[in-house]
Structures are given as C-alpha cells and as structure tokens.
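Here's the letter readout for the chains.
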Amino acid sequence: MTIAFIDLAAQQARIKDKIDARIQTVLAHGKYIMGPEVVELEGKLAAFCGAKHALTCANGTDALQLALMALEAKSGDAVFCPSFTFAATAEIVPMTGATPVFVDVRPDSYNMDPESLKAAIIHARSLGLNPAGVIPVDLFGLPADYDEIETIARENGMWVVADSAQGFGGTYKARTTGSIGDIATTSFFPAKPLGCYGDGGALFTSNDALADKIRSFRVHGKGSHKYDNARIGINSRLDTLQAAILLEKLAIFPDEIIARQRVAARYNEALAGLIEVPRVGNDRSSIWAQYTLRTRAGQDRDAIMAALKQAGIPSVVYYPLPLHRQTAYRDFPQPPGGLPQSEALSQSVFSLPMHPYLDEETSDTVIRGLKAALS
Ligand SMILES: *Cc1c(COP(=O)(O)O)cnc(C)c1O
C-alpha cells in the first residue's frame, strides 16, 4: 500500500463529472481569458470569506506582488516578513524596490512573533529604512496573530498584507482569512487547501481604491480600457479553465474543511504527549494545509523520517532552511538578536500526510508507524 502525502486523485474522483462538464462549457463558449467563470468565481470567493472584493490572478506569488504594487511599496521602504516561510513571501519585496526585513516566529504557533516584529521595526529605522508594511503568513494553515500585528502596524503607519496562501479557509476570532488585512492573498497551487489544476491565485480587499488598482495592475496597468495604459502593470490573470475547475472545488470546500479538522483531531489525540503536536488557539481554526510535528529534545528527526519512509509513510520538511540563511536573502536585515526560533524550527519540524480524504484506517497506519519510529 502506498500512502499519498496529499491525495488529489480522491478529490477528483468525487467531482470528476462536474469538473468535466465545467471544462466542456468553457470549451463551448471559448472565452479563455477573463471568461464568465472568472467573474462567477470571484463573486463566490468574496462571499466565502466576507471580503468586498476578490480578484483572481495567475498565482499566489503574483497576488503578493500585485498587493505590494497597489500599496506602492518602493525603494527605502522596509517590509517585514517571517523568515520561516515559503520564499515567495519575501521574494516579491525586492521586486518593488523595497527591502524585506526578517522577523522571527513564535515557538508555539510557528507564525510571526509580534515582539520580534517590534524589534525589527526599531532595527529597520536605525538602518534608515521607512517601515511601510508587514506580511504575516498563515503558516501551515494557522491564522497569524492579526490583532497584535494590526495594532503594531497601525501604531507605525504600516499596511498589512496577509499571506494566506496556506491559510485560506481558516478563521480568526470572528473573521475568515481573506477578509483580514488591507489586502489578503492566496494561492490555488494544486497542493494548497483550495487548489486548481495548474497555477492560480487571488487577492482580497474591502478597499475599493485598492481593488481598482489591482484590477488595473493585473492587466498591464490598464486605464479605462485595455489599450489605455494608465500605469506600469503586469500580465497576471487566472485562466477561465482554472476558474471553472475551482468553482466545483469551492463547492465542496466547506465539507472538506470539516474532513481536514477530523483528520487533524485524530492525529492530535493519538500523538499528543509523544511529540510536539500543532497548537491551535481556541480563538482560531487552522485549515491544515500541513499537519506539522516538532521533535522534542532527544528525538532525532532524520531517524524518525527514515523509519517512516521504511514503513511506506511519506513525510516532508517545510522548511529545511529559513529564508535569512538562503543565498538570495542572507544579506537582508534581521533583528539584532537573530532569528533563533526560525533556525530551531527548520531543524525540528516535519509534516505528515494530510488531506480531506485520509480515511481512519490510513491515518491509523501513519500513527502506528510514527509511534514505532518514536520508540
Ligand atoms: C505557495 C505559497 C505562496 C506562493 O504561491 P504560488 O501560487 O505557488 O505562487 C506564497 N506564500 C506562501 C506562504 C505559500 O505557501
């Protein structure tokens, strides 16, 4: 038996007829760029998360870049992002001319540490940079500490872009990710909680002026029409075919969220006490993009993962090297004390198979395999 880390085939089997029909509709009407399915999807995405505007684009990285373009990030600006994240979070900052300044994460949630953010702001000012914005990440699907981060941002005149590439579908207090921050972004990369069959992304905002700018930037900075160039933009649209596929996936997403919670709860119950299981504050819910464990002192991650592999159980390390240690990013500023939590996590975390179609028998196999690996 082979266990899938993420089982996209099981989901496809469930809705294949509907996806096929949607694809046939697109082939029949032929509006491959910005077709009616894109408009329908944007309406449904906005309704799902409670944002006024949902704007789709080509991928989650472009979504972040479009957000920073709309917020006018520029040379001399400091944009704060965690070091323990996927590279795209920081990658788009120098694209705008701004400087990414790394912030450490909390040891319990793995998300941006508001105290480290405060220290990084002071440090950025000492370097002559203007604190302009912050990009908290909903790492592994868990919403960041938005109240604390938004308060710090307000006090310093900064905007907040929520990188919910992994977190779309999670909740934070009375809010749903997507409706948080000046702009929130997500990714529809196939392995994300809500994924399409290729690349895709979206931005969310309730600010009309920002929405208008994003609409312009994603189509070459168009003004009143396509051949009126009001600003320098990019070409970043979601294909109509991908929107059609996403419409059917979004329809079953609420049901999949419940299934993800069930899988995570089963893991948590069996593994708590044996290894560090993910902690979710009772004011929020994770969408479980990943189910990530952390080893305790004396537990050897590499040996555990090797034993799992022997038992046919896949596990993956997200992320083996924090960004501030990467060749491309190591010269950007970080707080004076360094980023010890990001470094410790990169040495101690690993993720188990997680998807809505992981049945009890399979999760029990994973649990048994891990218990054996730990003993
Ligand atoms: C996947 C991801 C992105 C980028 O999304 P793409 O669609 O792959 O461009 C950005 N940020 C985080 C945290 C991600 O996990």
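Residues numbered from 1 in each chain as written. Predicted model: local features only at pLDDT ≥ 70, side-chain atom pairs only at ≥ 80, totals over all residues. Heavy atoms only, no water.

Student: Whenever I open this one, the pairing of strand β1 (residues 53-57) confuses me. Can you help?
Tutor: For a regular strand, the rule is simple: side chains alternate between the two faces of the sheet. Burial runs high along β1: five of the five residues are buried. Burial along β1 is two-sided: the face carrying His53, Leu55 and Cys57 and the face carrying Ala54 and Thr56 are both buried. Note that β1 and strand β9 (residues 201-205) share five bridges and pair antiparallel. Its bridge partner being in β9, Cys57 is matched across the sheet by Gly201. (Buried < 20%, exposed > 50% of the residue type's maximum accessible area, 1.4 Å probe, protein only. Helix = DSSP H or I, 4+ residues; strand = E, 2+ residues; numbered from the N terminus. Pairing = 2+ DSSP bridges.)

Student: Could you clarify how one ought to interpret helix α9 (residues 301-310) in this entry?
Tutor: Each full turn of the α-helix corresponds to 3.6 residues, which orients residues three or four apart in the same direction. Looking at α9, one finds that the buried residues are Arg301, Ile304, Met305 and Leu308. Projected onto a plane normal to the axis of α9, the buried residues spread over an arc of 95° and lie on a single side. Facing away from the buried surface of α9 by more than 90 degrees, the exposed residues are Asp302 and Gln310. Buried positions along α9 lie against α10 (340-348), β12 (349-352) and α11 (360-374). The N-capping residue of α9, defined by a side-chain oxygen 3.1 Å from the backbone nitrogen of Asp302, is Asp300. A positive backbone phi angle near 80° is found at Gly312, which sits one or two residues after α9. (Arc of directions from axis to C-beta. Contact = heavy atoms within 4.5 Å. Polar contact = N/O pair within 3.5 Å; in protein donor to acceptor, adjacent residues only side chain to side chain.)

Student: Help me understand the side chain of Gln290 in this model?
Tutor: In this structure, Gln290 sits in the loop between β10 (284-285) and β11 (291-294). If we skip the residues at most four places from it in the chain, Gln290 touches Phe5, Phe140, Tyr318, Ser351 and Met354.

Student: Just to check I follow, could you spell out the domain arrangement of the chain for this structure?
Tutor: As a measure of interface size, the accessible area lost when the parts come together is often cited. Here the chain is partitioned into domain 1 (8-248) and domain 2 (253-374). Between the C-alpha centres of domain 1 and domain 2 the distance comes to 24 Å. On the domain 2 side, the residues contacting the 46 residues of domain 1 number 38 residues. Each partner contributes to the roughly 3,700 Å² buried at the junction of domain 1 and domain 2, and carbon and sulfur atoms together form 63% of this total. Among the residues of domain 1 in contact with domain 2, Phe84, Phe102 and Phe140 are the three that bury the most area, contributing 20% of the side total. Viewed at the interface, domain 2 and domain 1 are joined by two salt bridges. Measuring nitrogen to oxygen at the nearest pair gives 2.6 Å for the salt bridge that ties Asp255 to Arg14. At the boundary of domain 1 with domain 2, the tally comes to 20 residue pairs in polar contact (both at pLDDT 80 or more). Among the secondary structure elements, those contributing two or more residues to the side of domain 1 that touches domain 2 are α1 (8-29), α4 (88-95), β3 (99-103), α5 (114-126) and β6 (171-172). Ranked by the residues each element gives to the side of domain 1 that touches domain 2, the list is headed by β3, at five residues. (Domains from an automatic or database assignment. Buried area = accessible area lost by both parts, 1.4 Å probe. Salt bridge = Lys/Arg side-chain N within 4 Å of Asp/Glu carboxyl O.)

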